[in-house]
Amino acid sequence: MSSNAMEVQQPIYNEEQQKSLYKRTLIVVSLSQMFGGAGLAAGITVGALLAQQMLGTDAYSGLPAALFTLGSAIAAYLVGKLSQRHGRRWGLTAGFTVGGLGALGVVFAAIFNNVFLLFLSLLIYGAGTATNLQARYAGTDLANSKQRATAISLTMVFTTFGAVAGPNLVNVMGKLATNIGVPALAGPFILSAIAYILAGAVLFLLLRPDPLLIARSLEMTRKNLSKQITMIQTKNNSGIMVGTTIMVLTQIVMVAIMTMTPVHMRHHGHGLGEIGLVIGFHIGAMYLPSLVTGILVDKIGRTAMAIASAVTLLLAGITAALAPGDSMILLIIALSLLGLGWNFGLISGTALIVDSSDATTRAKTQGSVDVFIALSGASGGALSGMVVAGSSYSTLSLVGGVLSLVLIPVVFWSGRGKKVKVEM
């Protein structure tokens, strides 16, 4: 019998002990997210530029984002399944470790100028992206219904520290890479490899007892103590569908515009430092507002914040489309709005998923949902390069902004027939 299985036999029933474990889990997950954010952001910043350099064309520069988001789709399913069976600790540790190995593969691909190895490694690198997102669920396992969005947001706030540092270390890592005989654009992936492996190590060593296994045991205990609990299943299905739709649409819009921004800036004479600054603001806006966002989602509701996501993404698309290519200020504003809109959508959508899933099947459900999110990101990344090559960055930005408006009818539709009787 595994150690995790043993943990299930010793659940924490005392309310104070549960609160203590909830806080400890948030601290451990938040620490891992600092490293995970750095691993995610560093690779995103230069992935498109590395592909452009190796392939010699812009048409396929969206492929790196497509590949590592496709890889994250596969990993999201596997991490969810592993977490469902053995707990968050094993699932998240495995995901971050595989992501780190993928980042190392990208470095070797750049050294040997091997495009096939580059694409394969980017696919594997996507495991880190999936795990970084899956970790947000771990903080909610022991949270009550009024803490869930706040718990999600706390872990995402700590992602900010690494996520903002990653792009701004592009030049430093580029110089380090050059000094050791590695192409400059592969330098950030060295940082990604180290950061992802450290994130996995933190979770493996410190995420004990496992919050998902404890939550599952508590859920079974509550059901045994109270046989009167009834919940109409269609409510759960509706919440999961709406939460998934919110996150899928925000992911498509965010990935498409973000992926092509570095290439767009490079064409207008911006250097790696300036690109890193813009992406740093973008990723900061993706994560830093999370604490306030989580409170708002818990206080004013999931629906209101999903609508706010749509409006913010529309403003981001319009600003990016109208911004002159040489205007750093307007590009920073556009990418910051893009990150903020994604933040609103991710936290409100995630809260809906957690609200609608049962602890006994939660990890598997969440992993499946993240598969769709990752696939949508892969689609956005793959199509973004083709749209820009066939038209322009402005067209891509406008289309993305308009697409985000689909969120509004989706959330209004979800509000119809929302009254469901729940007996406790």
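Residues numbered from 1 in each chain as written. Predicted model: local features only at pLDDT ≥ 70, side-chain atom pairs only at ≥ 80, totals over all residues. Heavy atoms only, no water.

1. Observations concerning the overall build of the protein chain
Under the convention used in this document: Elements are defined by DSSP. Helices are runs of H or I of four residues or more, strands are runs of E of two residues or more, and each kind is numbered from the N terminus. A 1.4 Å probe rolled over the protein chains alone gives each residue an accessible area, and that area as a share of the maximum for its type sets the label: buried under 20%, exposed over 50%, partly exposed in between. Residues are treated as being in contact if the distance between any of their heavy atoms lies within 4.5 Å.
If you tally the helices and strands in the protein chain, you get 17 helices and zero strands. Looking at the protein chain as a whole, 58% of its 424 residues qualify as buried. Sequence-distant contacts, at least 24 apart, represent 87% of the contacts inside the protein chain between residues at least 6 apart.

2. Section: the environment of Thr350
Mapped onto the fold, Thr350 is located in helix H14 (residues 328–356). Sequence separation of Thr350 and Ile246 is 104 residues, and the distance between their C-alpha atoms is 9.0 Å. Leaving out residues up to four positions away in the same chain, Thr350 has contacts with Arg136, Tyr137, Ile152 and Met247.

3. Some words on the nonpolar core
Short version of the rule: By nonpolar core is meant a set of buried Ala, Val, Leu, Ile, Met, Phe, Trp, Tyr and Cys residues that side-chain atoms within 4.5 Å join together.
Core analysis: the largest hydrophobic core is formed by 86 residues, its most contacted members being Leu50, Phe189, Tyr287, Leu338 and Trp342. Sort the elements by how many residues they give to this core and H14 lands first, with 13 residues.

4. Observations concerning the pattern of salt bridges
To keep things clear, this is the line we draw: Only one rule defines a salt bridge in this text: a Lys or Arg side-chain nitrogen within 4 Å of an Asp or Glu carboxyl oxygen.
Taken as a whole and assessed by the stated rule, the structure comprises five salt bridges. Across the salt bridge formed by Asp298 and Arg302, the nearest N and O atoms sit 3.2 Å from each other. With respect to class, Asp298 is no different from Arg302; both count as buried. The partner of Arg302 in a salt bridge is Asp355, and the shortest N-O contact between them spans 2.9 Å. Taken together, the residues Arg302 in helix H13 (residues 302–322) and Asp355 in helix H14 connect sequence positions 53 residues apart. Among the charged side chains, a network of salt bridges with common partners joins Arg148, Asp298, Arg302 and Asp355.

5. With respect to a nonpolar patch on the surface
As a reminder, the rule being used: Patches here are clusters of residues that have more than 30% relative accessible area and form no salt bridge, with a 9 Å joining cutoff for like charges and a 5 Å cutoff for nonpolar side chains (Val, Leu, Ile, Met, Phe, Trp, Tyr). Shrake-Rupley sampling with a 1.4 Å probe provides the accessible areas, and residues are treated as covered by the protein chains on show and by no other component.
There is a patch of nonpolar side chains on the surface, built from Leu31, Met34, Phe158, Phe161, Leu205 and Leu206 and spanning about 520 Å² of accessible area. Only helix H2 (15–55), helix H6 (148–168) and helix H8 (187–206) provide two or more residues apiece to the nonpolar patch. As for its position among the elements, Phe161 is in helix H6.

6. Structural notes on the packing of helix H4 (residues 88–112) against H8
Note the following rule: To get an axis, fit a line to the C-alpha atoms, keeping to the stretch in contact for a helix; angles then go from 0 to 180 degrees between the N-to-C directions. Convention used here: angles under 35 degrees read as roughly parallel, angles over 145 as roughly antiparallel, angles from 65 to 115 as roughly perpendicular, and any remaining angle as oblique. When the near helix sits turned anticlockwise from the far one by under a right angle, the crossing is termed left-handed; a clockwise turn instead gives a right-handed crossing.
One way to put it is that H4 packs onto H8 with a least axis distance of 8 Å and a crossing angle of 165 degrees. Put simply, H4 runs roughly antiparallel to H8. For the pair H4 and H8, the sense of crossing is left-handed. Along the contact surface, H4 presents Arg89, Trp90, Leu92, Thr93, Phe96, Gly99, Gly100, Ala103, Leu104, Val106 and Val107, while H8 presents Phe189, Ile190, Ser192, Ala193, Tyr196, Ile197, Ala199, Gly200, Leu203 and Phe204.

7. What to know about helix H16 (residues 393–404)
Convention followed: By definition here, a helix of n residues has an expected span of 1.5 Å times n minus one. As used here, the arc is the angular range of directions from the helix axis to the C-beta atoms.
Along its twelve residues, H16 runs 17 Å from first to last C-alpha, staying within 8% of the 16 Å computed at 1.5 Å per residue. Along H16, the residues that are buried comprise Tyr393, Leu396, Ser397, Gly400, Gly401 and Ser404. Buried residues along H16 cover an arc of 130 degrees about the axis, so they all sit on one side. Exposed positions of H16 whose direction lies more than 90 degrees from the buried face are Val399 and Val402.

8. A word on unusual backbone geometry
Cis geometry is adopted by the peptide bond preceding Pro209, which originates at Arg208 and carries an omega value of -10 degrees. Here Pro209 shows up in the loop between H8 and helix H9 (211–225). Residue Asn113 is not a glycine yet carries a positive backbone phi of 50 degrees. As for its position among the elements, Asn113 is in the loop between H4 and helix H5 (115–138).

9. As for the packing of H4 against H5
We count it as follows: Ten residue types, Ala, Val, Leu, Ile, Met, Phe, Trp, Tyr, Cys and Pro, are classed as nonpolar, four, Asp, Glu, Lys and Arg, as charged, and the remainder, Gly among them, as polar.
Where H4 contacts H5, the two axes come as close as 7 Å, and the packing angle between them is 150 degrees. The orientation of H4 relative to H5 falls into the category roughly antiparallel. Judged by the twist between their axes, the crossing of H4 over H5 is left-handed. Its residues placed into classes, the contact of H4 with H5 shows 16 nonpolar, nine polar and one charged.

10. Overview of the packing of aromatic side chains
Selection rule: Centres within 6.5 Å are what make two rings of Phe, Tyr or Trp a pair, Trp counting through its six-membered ring; a difference in plane orientation under 30 degrees is then read as stacked, over 60 as edge-to-face, and the rest as tilted. The criterion is that NZ of a Lys, or CZ of an Arg, lies within 6 Å of the ring centre and within 35 degrees of the ring normal, and then a charge sits over that ring.
If you walk through the whole model with that rule in mind, you get five aromatic pairs. Measuring from ring centre to ring centre gives 5.7 Å for Tyr125 and Tyr196, while their planes differ by 45 degrees; the resulting arrangement is tilted. Of this pair, Tyr125 sits in helix H5 while Tyr196 sits in helix H8, and the two are 71 residues apart along the sequence. Across this residue pair, the class does not change: Tyr125 and Tyr196 are buried. Ring-pair connections join several aromatic residues into one group, and the members of that group are Phe96, Tyr125, Phe189 and Tyr196. Across the ring face of Phe204, the terminal group of Arg89 is positioned such that the distance to the ring centre comes to 4.3 Å. Sitting over the ring of Tyr137, Arg136 keeps its end group 4.3 Å from the ring centre.

11. What about the confidence of the model for the protein chain?
So the rule is basically this: pLDDT gives the predictor's per-residue confidence on a scale running from 0 to 100.
When pLDDT is averaged across the protein chain, the result is 83; 87% of the residues are at 70 or more. The least confident element of the protein chain, judged by mean pLDDT, is helix H1 (residues 3–8) at 44; the most confident is H13 at 95. Below pLDDT 50 for its whole length, residues 1–10 participates in 15 contacts with residues either more than four positions away or in separate chains. Predicted confidence for residues 417–424 stays below pLDDT 50, and this span has ten contacts to residues more than four positions away or in other chains.

12. A look at H13
Between its first and last C-alpha atoms H13 spans 31 Å; for 21 residues at 1.5 Å apiece the expected length is 30 Å, and the two agree. Turning to H13, its buried residues are Arg302, Met305, Ala306, Ser309, Ala310, Thr312, Leu313, Ala316, Gly317, Thr319, Ala320 and Ala321.

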